[in-house]
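Chains, contacts and geometry: an overview
One-letter residues, chain by chain:
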Amino acid sequence: MPESLRDYTSLHIGGPAKKLLHAKSEEELVAAVRTTDEANEPLLIIGGGSNILVGDSGFDGTVVRVETKGISATVDACSGGMITVAAGEGWDDFVAWSLTQGFVGLETLSGIPGTIGASPIQNIGAYGHEVAEFIARVRTWDRKTNSYRTFSNSECEFEYRSSIFKKERDRYVIIDVTFQIEKGELGLPIKYEELAHALKVEIDQRALVDQVRSAVLSLRALKGMLLDSKDHDTWSAGSFFVNPIVSAEIAAMLPEDAPRWPQSSGKVKTSAAWLMERSGIRKGHCHEGAGVSSKHVLALVNNGNAKASDVIELARASRAAVREKFGITLEPEVQFVGLTLD
Ligand SMILES: Cc1cc2nc3c(=O)[nH]c(=O)nc-3n(C[C@H](O)[C@H](O)[C@H](O)COP(=O)(O)OP(=O)(O)OC[C@H]3O[C@@H](n4cnc5c(N)ncnc54)[C@H](O)[C@@H]3O)c2cc1C
């Protein structure tokens, strides 16, 4: 009996997988990938399923769920730690572990769902920091050359919500990630206004890491950005669209109160959520079984019995509304399996 992928995604959507393998060790993971590739079968690697929208017809090939475990740390009293973590470890479990071990740095990235292996792919980020700041190297299995390849931080080509692993999608299987993080009690300087306000500190001031983690988790819960199986507002894939980075000319044409974050390239990042709200998209709006989260306009959710096609139709309508109002085409953050938005 084929297993339904809905049970393996945070949107709780997705048809059956022809074959589903659970890779619990590096050997099992690489063997599953090699065997599937040698048989010329379609292959889908998944971790926590929190950044994918799988089509209603499922996946006609082999799905390998990365469930490898293990953390090894080399700690130096002066420089901190080099910590290598297996791809299948939970991201937030690792963040919590790092803080209890006296490391600082990852606190603003608390509560992001998913696995270690997926974290470099879209360079996960929140509340003013990105995982790229802490990654020393990423060890992968290269499906094109059938060999291991380790990437240094600069070779990962990290950008806002992107990396070489996203640009060359499906080529590299991430085996483990090595983080370089420091020891301490105070977290990194707070860069995000809303978090600074919650912590009652000024921008660029620091706070105790435990306080930062608690504040981040509380803010995320208010926005439905912490997984909770009982709350349909969290049956999402997080932000559905990335914040657009536009030319300075286009940014200048936006209304005065539009958020603008200048980039080193000379371009300007603006807020996808702001654009959607100003285009008439409302929190809580429903389309068939899908909807816009009642807590965060950027999260498209499954209200209980949504089909992938419901989510896609809602995403298309949201995108069209923003394009019509502002001439900006929102790009998805979510990875599609067996579907397209265009
Ligand atoms: C409620 C909610 C809140 C979120 N908040 C944030 C946020 O604040 N910031 C943020 O950046 N993201 C956020 N996300 C998105 C998501 O948590 C991240 O993208 C996360 O890294 C996905 O991890 P995953 O293991 O679930 O990946 P999956 O969804 O399983 O996979 C995502 C992609 O990575 C590939 N992949 C997964 N593992 C591997 C591997 N080992 N090797 C090669 N390819 C692999 C898959 O094929 C797929 O293309 C949120 C999601 C949800 C549901």
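Above: the structure in question.
From a predicted model like this one, the values you see are computed outputs, not experimental measurements.

A separate point is the overall build of the protein chain. Counting its regular elements, the protein chain contains eight helices and 19 strands. The globule rule puts the C-alpha radius of gyration for 342 residues at 20 Å, and the 20 Å found for the protein chain is close to it. Projecting the C-alpha coordinates of the protein chain onto the three principal axes gives extents of approximately 55 × 55 × 40 Å. By element, 50% of the accessible surface of the protein chain is carried by carbon and sulfur atoms, the whole surface being about 15,800 Å². Across the protein chain, the mean location of the 37 positive side-chain charges is 2 Å away from that of the 46 negative side-chain charges.

Where strand β5 (residues 71-76) meets strand β6 (residues 80-86), six bridges bridge the pair, whose relative direction is antiparallel. Bridging across to β6, Ser72 finds its partner in Thr84.

Judged by pairing direction, the sheet is antiparallel, and its three strands sit side by side in the order β16-β17-β18 without closing on themselves. Sheet topology places β16 (286-287) and β18 (300-302) at the edges, where each strand pairs with a single neighbour. For strand β17 (residues 290-292) and β18, the ladder comprises three bridges, and the chain directions are antiparallel. From the neighbouring strand, Val292 faces β18, where its bridge partner is Leu300.

Here the focus is the site of the ligand. The immediate surroundings of the ligand are formed by 35 residues, with Ile45, Gly47, Ser50, Thr115 and Arg220 found nearest. Taking Gly49, its main chain carries an N or O atom lying 2.8 Å from an oxygen atom of the ligand. In the model, a nitrogen atom of the ligand is placed 2.8 Å from a nitrogen or oxygen of the Ile174 main chain. The protein chains hide 95% of the 980 Å² of surface that the ligand would expose on its own.

The next subject is the pairing of strand β11 (residues 147-152). Bridge analysis of strand β10 (residues 135-142) against β11 gives six bridges, and the strand direction is antiparallel. Bridge assignment links Arg137 to a residue of β11, and that residue is Ser152. Between β10 and β11, which pair antiparallel and follow one another directly, the connecting turn spans four residues, one of which, Asn146, has a positive phi of 55 degrees.

Let's shift gears to the sheet that holds strand β1 (residues 17-23). Spatially, three strands are ordered β1-β4-β2 in an open sheet, and the strand pairing comes out parallel. What marks the edges here is a single partner per strand, and that holds for β1 and β2 (43-46). Taken pair by pair, the neighbouring strands of this sheet meet at an average axis angle of 20 degrees, ignoring direction. With six bridges joining them, β1 and strand β4 (residues 59-66) adopt parallel strand pairing. When the bridges of β4 are listed, Leu20 appears paired with Val63.

A separate point is helix α2 (residues 91-100). Among all positions in α2, only Trp91, Asp92, Phe94, Val95, Ser98 and Leu99 are buried. Taken down its axis, α2 places every buried residue within 155 degrees of arc, on the same side. For α2, the exposed residues set more than 90 degrees away from the buried face come down to Asp93 and Thr100. Structurally, α2 contributes buried residues whose contacts are with β5, β6, β7 (103-104), β12 (172-183) and α5 (209-222). Directly after α2, the chain includes Gly102, whose backbone phi takes a positive value near 90 degrees.

To describe a pair of aromatic rings, you give the distance between the ring centres and the angle between the ring planes. Within this structure, the stated rule accounts for 13 aromatic pairs. Between the aromatic rings of Tyr127 and Tyr192, the centroid separation amounts to 5.1 Å while the plane-to-plane angle is 75 degrees, which identifies the pairing as edge-to-face. With a gap of 65 residues between them, Tyr127 in the loop between β8 (125-126) and β9 (129-130) and Tyr192 in the loop between β12 and α4 (193-199) connect regions that are remote in the sequence. Here the aromatic residues Trp91, Phe94, Trp97, Phe103 and Phe179 are joined through ring pairs into a cluster of three or more. In this arrangement the basic side chain of Lys269 is found over the ring face of Tyr160, its NZ or CZ atom lying 3.9 Å from the centre.

Core analysis: the biggest nonpolar cluster contains 41 residues, and Trp91, Phe94, Phe165, Phe179, Leu195 and Leu199 have the highest contact counts within it. When residues of this core are traced back to their parent elements, those giving at least two are β6, α2, β7, β10, α3 (164-167), β12, α4 and α5. With near-sequence residues (within four places) excluded, Leu199 lies in contact with Ile190, Ala207, Gln211, Val212 and Ala215. Leu11, Ala290, Ala308 and Val322 belong to the second largest nonpolar core, which has 35 residues in total.

Relative to the assigned elements, Val95 resides in helix α2. Val95 gets classed as buried once you look at its relative accessible area, which sits at 0%. Aside from chain neighbours lying at most four places away, what touches Val95 is Leu106, Leu109, Ser110 and Arg213.

The rules we used
- Residues numbered from 1 in each chain as written.
- Predicted model: local features only at pLDDT ≥ 70, side-chain atom pairs only at ≥ 80, totals over all residues.
- Heavy atoms only, no water.
- Helix = DSSP H or I, 4+ residues; strand = E, 2+ residues; numbered from the N terminus.
- Rg over C-alpha atoms; globule rule 2.2 N^0.38 Å.
- Areas by Shrake-Rupley, 256 points an atom, 1.4 Å probe, with all protein chains shown as cover.
- Lys, Arg positive; Asp, Glu negative; His and termini not counted.
- Charge placed at Lys NZ, Arg CZ, Asp CG, Glu CD.
- Pairing = 2+ DSSP bridges.
- Near = heavy atom within 4 Å.
- Polar contact = N/O pair within 3.5 Å; in protein donor to acceptor, adjacent residues only side chain to side chain.
- Axes fitted to C-alpha atoms, helices over the stretch in contact; angles between N-to-C directions.
- Buried < 20%, exposed > 50% of the residue type's maximum accessible area, 1.4 Å probe, protein only.
- Arc of directions from axis to C-beta.
- Contact = heavy atoms within 4.5 Å.
- Phe/Tyr/Trp six-rings, centres within 6.5 Å; stacked < 30°, edge-to-face > 60°.
- Lys NZ or Arg CZ within 6 Å of the ring centre and 35° of its normal.
- Core = buried A, V, L, I, M, F, W, Y, C linked by side-chain atoms within 4.5 Å.

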